[in-house]
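Residue-level listing of the chains:
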Amino acid sequence: MRLNLRDSNLLLIHKGIITPDLINMIIESLEHSVTNLEKDRKVRRKLTNVFIEIFQNVGYHGVKHPDFMNSDMVIVIKRPEYYKIGSNNIIEKSKVEGLKSILDKINGMDAEELREYYKHCLENKDFSEKGTAGLGFIDVARKTTQKLYYDFEDLDADHAYFYFETRVLTDYSTEEKTKEKKIAQGE
């Protein structure tokens with residue numbers, strides 16, 4: 001993920017340690033910024049919910065080690081057609097293949113398959129040691145209706161950078177009309 005920190009559309013950037021108190025403070029700040037920028041309440045809600053999932057993911061699943069205290073980052077950028085939410089954090093290399101597998105599986109599903117997969121994970125308690133089963137990623141894909149972009153970069157023998165990005169569209173009307181039409185036609 002290439003960042004232009006001079007971008008006038010940069011709404012929020014956080015780099016460093018993420019704590020539960022900080023999560024609440026940053027969410028309030030983002031909600032205030034988005035309320036001033038975005039008139040569509042549905043878009044504001046999606047953006048806030050997706051941001052919370054991503055921010056918590058970085059905070060809860062990143063490697064906690066003194067050498068990596070300032071490596072976590074979350075960013076929100078406003079574009080005319082969408083909001084870009086990106087993150088990077090350090091994870092254990094042993095988790096890279098499993099994470100790729102989950103993200104590729106999610107990216108290969110349509111809306112109905114995502115809904116069923118989410119229910120399946122909840123019902124079968126397919127949870128990770130952190131208790132999430134990748135539910136956050138499934139939820140992000142469901143809310144954004146966009147593919148999840150990701151990349152990994154080796155850091156050292158035991159760790160890798162995990163780059164993640166998704167987009168929240170500023171106009172879901174076309175998409176909603178298509179869904180309504182399919183429902184009406186029994187598809």
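Conventions and cut-offs
Residues numbered from 1 in each chain as written. Predicted model: local features only at pLDDT ≥ 70, side-chain atom pairs only at ≥ 80, totals over all residues. Heavy atoms only, no water. Axes fitted to C-alpha atoms, helices over the stretch in contact; angles between N-to-C directions. Helix = DSSP H or I, 4+ residues; strand = E, 2+ residues; numbered from the N terminus. Parallel < 35°, antiparallel > 145°, perpendicular 65-115°, else oblique. Left-handed = near helix turned anticlockwise from the far one by under 90°. Contact = heavy atoms within 4.5 Å. Nonpolar A, V, L, I, M, F, W, Y, C, P; charged D, E, K, R; others polar. Patch = residues over 30% accessible without salt bridge, like charges linked within 9 Å, V, L, I, M, F, W, Y side chains within 5 Å. Areas by Shrake-Rupley, 256 points an atom, 1.4 Å probe, with all protein chains shown as cover. Salt bridge = Lys/Arg side-chain N within 4 Å of Asp/Glu carboxyl O. Lys, Arg positive; Asp, Glu negative; His and termini not counted. Charge placed at Lys NZ, Arg CZ, Asp CG, Glu CD. Buried < 20%, exposed > 50% of the residue type's maximum accessible area, 1.4 Å probe, protein only. Pairing = 2+ DSSP bridges.

Novice: When you look at the packing of helix α3 (residues 96–107) against helix α5 (residues 135–144) in this model, what are you seeing that I'm missing?
Specialist: Between α3 and α5, the shortest axis-to-axis distance is 10 Å and the interhelical angle comes to 25 degrees. Looking at the two axes, α3 sits roughly parallel to α5. As for the relative orientation of α3 and α5, their crossing is right-handed in sense. Two secondary-structure elements touch here, α3 through Leu-99, Leu-103 and Ile-106 and α5 through Phe-137, Ile-138 and Ala-141. When grouped by side-chain class, the residues that make up the contact of α3 with α5 number 6 nonpolar, no polar and no charged.

Novice: Sorry if this is basic, but what is going on with a negative patch on the surface here?
Specialist: Negative charge collects at one region of the surface, where Asp-67, Glu-92, Asp-156 and Asp-158 lie side by side. For Asp-67, the location among the structural elements is in the loop between α2 (41–61) and β2 (73–78).

Novice: Explanation requested: the pattern of salt bridges in the structure shown.
Specialist: Close approach of charged atoms lets side chains of opposite charge pair. For the structure shown, the criterion picks out 7 salt bridges. Between Arg-115 and Glu-112 there is a salt bridge, and its shortest N-O distance comes to 2.7 Å. Of this pair, Arg-115 and Glu-112 both sit in helix α4 (residues 111–123), separated by 3 residues, roughly a single helical turn. Arg-115 sits in the partly exposed class, given a relative accessible area of 32%.

Novice: What is the right way to read unusual backbone geometry from this model?
Specialist: Both trends apply: most residues other than glycine have a negative phi, and most peptide bonds are in trans. Backbone geometry at Thr-145 places phi at a positive 55 degrees, although glycine is not the residue there. One can find Thr-145 in the loop between α5 and β4 (149–154).

Novice: Just checking my understanding: could you explain the pairing of strand β3 (residues 82–92) for this structure?
Specialist: Regular strands place their side chains on alternate faces of the sheet. Burial within β3 is extensive, with 10 of its 11 residues counted as buried. The pairing of β2 with β3 spans 6 bridges and is classified as antiparallel. Within β3, the residue paired with Ile-75 across the bridge is Gly-86. Between β2 and β3, which pair antiparallel in sequence order, lie 3 residues.

Novice: Quick question: what am I supposed to make of the sheet that holds strand β5 (residues 159–169) here?
Specialist: The strands that make up a sheet are held in pairs by hydrogen bonds between backbone atoms, and each pair lies either parallel or antiparallel. Taken together, the 5 strands give an open sheet; going across it, the order is β1-β2-β3-β5-β4, and neighbouring strands pair in antiparallel fashion. Among the strands making up the open sheet, the edge pair consists of β1 (10–15) and β4. The sheet shows a mean angle of 10 degrees between the axes of neighbouring strands, taken without regard to direction. Two elements, β1 and β2, share 5 bridges in a ladder whose sense is antiparallel. Within β2, the residue paired with Ile-13 across the bridge is Ile-75. Set on the sheet, α3 makes contact with β3, β4 and β5; between it and β4 the angle comes to about 165 degrees.

Novice: Even after reading the chapter, I still don't get the packing of α4 against α5, so can you show me in this structure?
Specialist: Packed helices, taken two at a time, are described by the angle between their axes plus the distance between the axes. Axis separation between α4 and α5 bottoms out at 10 Å; the angle between their running directions is 160 degrees. One element, α4, and the other, α5, form an angle in the roughly antiparallel class. Two packed elements cross with a definite hand, and for α4 against α5 that hand is left-handed. Here Leu-114, Arg-115, Tyr-117, Tyr-118, Cys-121 and Leu-122 of α4 come into contact with α5, specifically with Leu-135, Ile-138, Asp-139, Ala-141 and Arg-142. Looking at the contact of α4 with α5 residue by residue, the classes come out as 8 nonpolar, no polar and 3 charged.

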